[in-house]
Amino acid sequence: MCGIFGAVSLAEKFDQKNFNKFVELTDLVAYRGPDASDYKAFDSSLKKIDNNYFDIFFGHRRLSIIDLSVEGKQPLYSDDCWIIFNGEIFNYIELREELKSKNHIIKTNTDTEVIIKIYKEYGVNGFDKLNGMWAFALYDQKNRKVILSRDRFSIKPLFLYQRPDKYFFASEIKQLLPLLNNIELESNNFQVFLQQGLLDFNEKTLFKNIFRIKPKTNLIIDLTSKSITEKKYWDYTDEKIEGNDEEIFRKFKDLFIDSVKIRLRSDVQIGSLLSGGLDSSAITSVALKFSGNSLKTFSVVSEQKEFSEEDFIDVFTSNFNVANQKVVLNTNQLKDNLDKVIYHQDEPFNYFIPVAHYNLIKALDENSDIVVILNGQGGDETLMGYLRFYFFYWKKLLNEREFLLFSKEIFSSLINRTGILQFRFNAAKRYLPQKLLSKKIFLLQKQEFINVWQFENLRSAQINDIDSYSVPFLNRYEDRNSMAFSKEIRLPFLDHRLVDFLVNLQPDKKMRNGWSKYILRKSFTELPKQIRWRRDKKGFILPESKWLREDLRKSIEEKFNGKNFLSQFNMIDSQKFLEYYNNFLNGDKSIHSTDISRILIAEKWLEKFFS
């Protein structure tokens, strides 16, 4: 994991003053890479390094994970190419052997050099061979091209700011803001966020003229033709998964095991974040198989006994005879770090869960030597784990007139106390037609709704969540929070082989007899029964409603009774928002705590970046 910054000019050259500025912008995210730093400026026309007269700049902050030696320092040079890279290529060992068989000489033990060799052998289409998470910039000196590439599932960030004939790219938005003449709000996307809580669903950020490099995409800047080309290097297949249950479950388990196995490659301490849930338990059980006593497990438990998953954690650790370190978070103190989280996130968020996650990583940093963390992000989207998927599936059965199977699923759900008995209206609000929901009368600007409730089939619903509505946002806050403490998070469920397999898998293998994640429950028979067949899904349990009603009430009322940025930007009517807030205080069940949190967080975000 690292932090990168770069600049490319297609017209006049940069100078020493620019070089010094670009070094500052690289170092602005030193927490992403505290172990080493380096900066290179190139005159592409003369193919030389020159800090005083250059058209390409590469800056890098290194967090050493694989090959801790100085050979891993970046920008890294090989075969007439330079690269700055943030991420990990987990199949680099297999790729290195493949490249050696094709007579490539590989001088380091890094995964970084492997990327250059793949490019030299296969061109930009070769990035399809990479299994990992990445954002990198590669400078091909011979052909005078700079290639920007980003992983398939928005795990690692890469942002772009363009001025006439100049391109600037970076790991975080805050690195690009000092280059803007004026910081302006991207109002359309901001309105969508205020209405629906959606962010990260397209290439636009909330800062006008700063864009995300699209996932699964290469951006090629040609300094000779002065052109820029965007091209996908990967997409989902539509391969039908053949076989009976036993064969399919075996194939899934083999894919999952290999996904975890290659994500254990590290030269620093690796650990698993064990929540007691199905996903983290499956990951940890596989990781223990290949790493034994070297794997550390870490758990954060709730101080509120009724919400704690400690019993499930104890069942797992007892069954697998593994040591576990527990930390109790004081939930009432979590909100105190809200401003720090807003700074690191660069963009607002819907609720206080990212703040809880920040404190979780902080606790891990203070109480362990773990640098690399295995986590279960992506499991709900790929395995149809969210409760809404029950209703998507049942709707499919009705549309296809599968009345017998529909009746069986409803009956099984009632018997097993899953599905319909666990449904919560507020959890499904985003996926209901907005005309069914309470109106946010305080919003002054009305943007056309993103129709997240519309999809062709269950496969497309899953892909929508993975590409646009769920995974990008979750990965964003996990990346920023973990990198704030120089930690790397690895996500076995987002191995592209596994994702493609699961989105193409028949729905009844993922959801059956009222059980979500059916294939995972059936495949991992080594897991304790109490965990395999858990009905509840807790996640982070926060007293968010209490905070908004009590601890934050005075702050909210003062903020929106006086001058506030949301009113100045003509986004809300403050008095109508206070009426809406008062209805929430009086127990209006149609108003969820996130409807209030979103406005408060948006206001504090505007204060931070637009004051």
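In the nomenclature of an unreviewed UniProt entry, the protein chain is known as asparagine synthase (glutamine-hydrolyzing) of Ignavibacterium album. Turning to the protein chain, the UniProt record has this under Catalytic activity (unreviewed entry): "L-aspartate + L-glutamine + ATP + H2O = L-asparagine + L-glutamate + AMP + diphosphate + H(+)". In its Pathway (unreviewed entry) section, UniProt records this for the protein chain: "Amino-acid biosynthesis; L-asparagine biosynthesis; L-asparagine from L-aspartate (L-Gln route): step 1/1."

(A) Molecular detail of the sheet that holds strand S18 (residues 488-490). Strand order in the open sheet formed by five strands is S16-S15-S14-S17-S18, and the pairing between neighbours is parallel. For this open sheet the edge positions go to strand S16 (324-329) and S18, each flanked by a neighbour on one side alone. Neighbouring strand axes in the sheet, compared pairwise and without regard to direction, differ in orientation by 30° on average. Each of strand S15 (296-302) and S16 touches helix H7 (residues 310-320); the most contacted strand, S16, lies at about 175° to it.

(B) Examining the domain arrangement of the protein chain more closely. Each assigned domain of the protein chain is listed with its residue range as follows: domain 1 (3-232), domain 2 (245-384 + 474-533) and domain 3 (544-610). Computed from C-alpha coordinates alone, the two centres of domain 2 and domain 3 are separated by 32 Å. Tallying the contact residues gives 15 residues for domain 2 and 14 residues for domain 3. Taking both sides of the interface into account, the surface hidden between domain 2 and domain 3 amounts to around 1,500 Å²; carbon and sulfur atoms contribute 71%. Where domain 2 meets domain 3, there are two salt bridges. With a shortest N-O distance of 3.3 Å, Asp339 and Lys604 are connected by a salt bridge. On the surface where domain 2 and domain 3 come into contact, there are five residue pairs in polar contact (both at pLDDT 80 or more). Elements represented by at least two residues in the side of domain 2 that touches domain 3 include exactly helix H8 (331-334) and helix H9 (338-345).

(C) Inspection of the UniProt feature "binding site: L-glutamine" (unreviewed entry) in the protein chain at higher detail. If you check UniProt for "binding site: L-glutamine" (unreviewed entry), the listed places come out as Asp111 in our numbering. Relative to the elements of secondary structure, Asp111 occurs in helix H3 (residues 111-122). Setting aside residues up to four positions removed in sequence, Asp111 forms contacts with Ile66, Phe85, Gly87, Glu88, Ile89 and Tyr92. At 2.9 Å, the side chain of Asp111 and the backbone nitrogen of Ile89 are in polar contact.

(D) Spotlight on empty space enclosed by the protein. Under the defined criterion, the tally for this structure stands at four cavities of 30 Å³ or more. Approximately 120 Å³ is the volume attributed to the largest cavity. In terms of lining residues, the largest cavity is bounded by 15 residues, among which Arg62, Ile66, Gln74, Asp111 and Thr112 are the most central. Counting residues per element, the lining of the largest cavity draws most heavily on strand S6 (residues 81-89), at three residues. Its residues assigned to classes, the lining of the largest cavity shows six nonpolar, six polar and three charged. Of the volumes computed, that of the second largest cavity is approximately 80 Å³. The set of elements that each furnish at least two residues to the lining of the second largest cavity consists of helix H16 (471-484) and S18. No other element matches H16, which puts four residues into the lining of the second largest cavity. Of the residues that constitute the lining of the second largest cavity, the class distribution is five nonpolar, two polar and four charged.

(E) Structural context of the sheet that holds strand S5 (residues 76-78). Across the sheet, six strands lie side by side as S5-S6-S7-S8-S12-S13; this open sheet has antiparallel pairing. Taken across any chain shown, the strands that pair with only one partner, and hence form the sheet edges, are S5 and strand S13 (227-232). Direction aside, neighbouring strands of the sheet carry axes that sit 20° apart on average. Relative to strand S8 (residues 145-150), strand S7 (residues 132-140) is paired through six bridges, and the arrangement is antiparallel. When the bridges of S8 are listed, Ala137 appears paired with Leu148.

(F) Broad picture of the UniProt feature "active site" (unreviewed entry) in the protein chain. UniProt records the feature "active site" (unreviewed entry) at Cys2, using the numbering of this structure. If you trace the backbone, Cys2 turns up in strand S1 (residues 2-9). If we ignore the near neighbours within four places in the chain, the residues touching Cys2 are Arg32, His60, Arg61, Arg62, Leu63, Phe85, Asn86, Ser171 and Met483.

(G) Structural view of the side chain of Ser78. Along the polypeptide, Ser78 turns up in strand S5. Its relative accessible area of 7% is what places Ser78 among the buried residues. If we skip the residues at most four places from it in the chain, Ser78 touches Glu113, Ile116 and Lys117.

(H) Structural detail: the pairing of S7. Judged by how many residues are buried, S7 sits mostly within the fold: nine of nine residues are covered. The alternating pattern of S7 places Gly132, Trp134, Phe136, Leu138 and Asp140 on one face and Met133, Ala135, Ala137 and Tyr139 on the opposite face, and all of these are buried. Judged from the nine bridges that link them, S6 and S7 form a sheet pairing that is antiparallel. Paired with Phe85 across the strands is Phe136, a residue of S7.

(I) Focus on the packing of helix H21 (residues 544-551) against helix H25 (residues 593-610). Following both chains from N to C, one finds H21 and H25 inclined at 60°, their axes separated by 9 Å at the closest point. As H21 packs across H25, the resulting crossing turns out to be left-handed. Residues Glu544, Ser545 and Leu548 of H21 lie in contact with H25, whose contacting residues are Ser593, Thr594, Ile596, Ser597 and Leu600. Each residue belonging to the contact of H21 with H25 can be placed in one class, and the counts come to three nonpolar, four polar and one charged.

(J) Inspection of the pattern of salt bridges at higher detail. A complete count under the given rule lists 47 salt bridges for this structure. Salt-bridge contacts for Asp55 lead to Arg144; the nearest nitrogen and oxygen are separated by 4.0 Å. Taken as a pair, Asp55 in the loop between strand S3 (48-49) and strand S4 (56-62) and Arg144 in the loop between S7 and S8 lie far apart in primary sequence, 89 residues in all. Considered together, Asp55 and Arg144 belong to a single accessibility category, that of buried residues.

(K) Seen up close, the layout of surface pockets. Its volume calculated, the second largest pocket comes out at about 220 Å³. When residues of the lining of the second largest pocket are traced back to their parent elements, those giving at least two are helix H15 (458-469) and H16. Broken down by element, the lining of the second largest pocket gets its largest block of residues, five residues, from H16. Tallied by class, residues from the lining of the second largest pocket come to seven nonpolar, four polar and 10 charged. Each of domain 1 (3-232) and domain 2 (245-384 + 474-533) accounts for three or more of the residues forming the lining of the second largest pocket.

Rules behind the numbers
- Residues numbered from 1 in each chain as written.
- Predicted model: local features only at pLDDT ≥ 70, side-chain atom pairs only at ≥ 80, totals over all residues.
- Heavy atoms only, no water.
- UniProt positions renumbered as here; feature names shortened; annotations may be inferred.
- Pairing = 2+ DSSP bridges.
- Helix = DSSP H or I, 4+ residues; strand = E, 2+ residues; numbered from the N terminus.
- Axes fitted to C-alpha atoms, helices over the stretch in contact; angles between N-to-C directions.
- Contact = heavy atoms within 4.5 Å.
- Domains from an automatic or database assignment.
- Buried area = accessible area lost by both parts, 1.4 Å probe.
- Salt bridge = Lys/Arg side-chain N within 4 Å of Asp/Glu carboxyl O.
- Polar contact = N/O pair within 3.5 Å; in protein donor to acceptor, adjacent residues only side chain to side chain.
- 1 Å grid on protein atoms, 1.4 Å probe; cavity = no way out; pocket = protein on both sides within 12 Å on 5 of 7 lines; lining within 4 Å.
- Points joined across faces, edges and corners; volume = space filled by probe spheres on them.
- Nonpolar A, V, L, I, M, F, W, Y, C, P; charged D, E, K, R; others polar.
- Buried < 20%, exposed > 50% of the residue type's maximum accessible area, 1.4 Å probe, protein only.
- Left-handed = near helix turned anticlockwise from the far one by under 90°.

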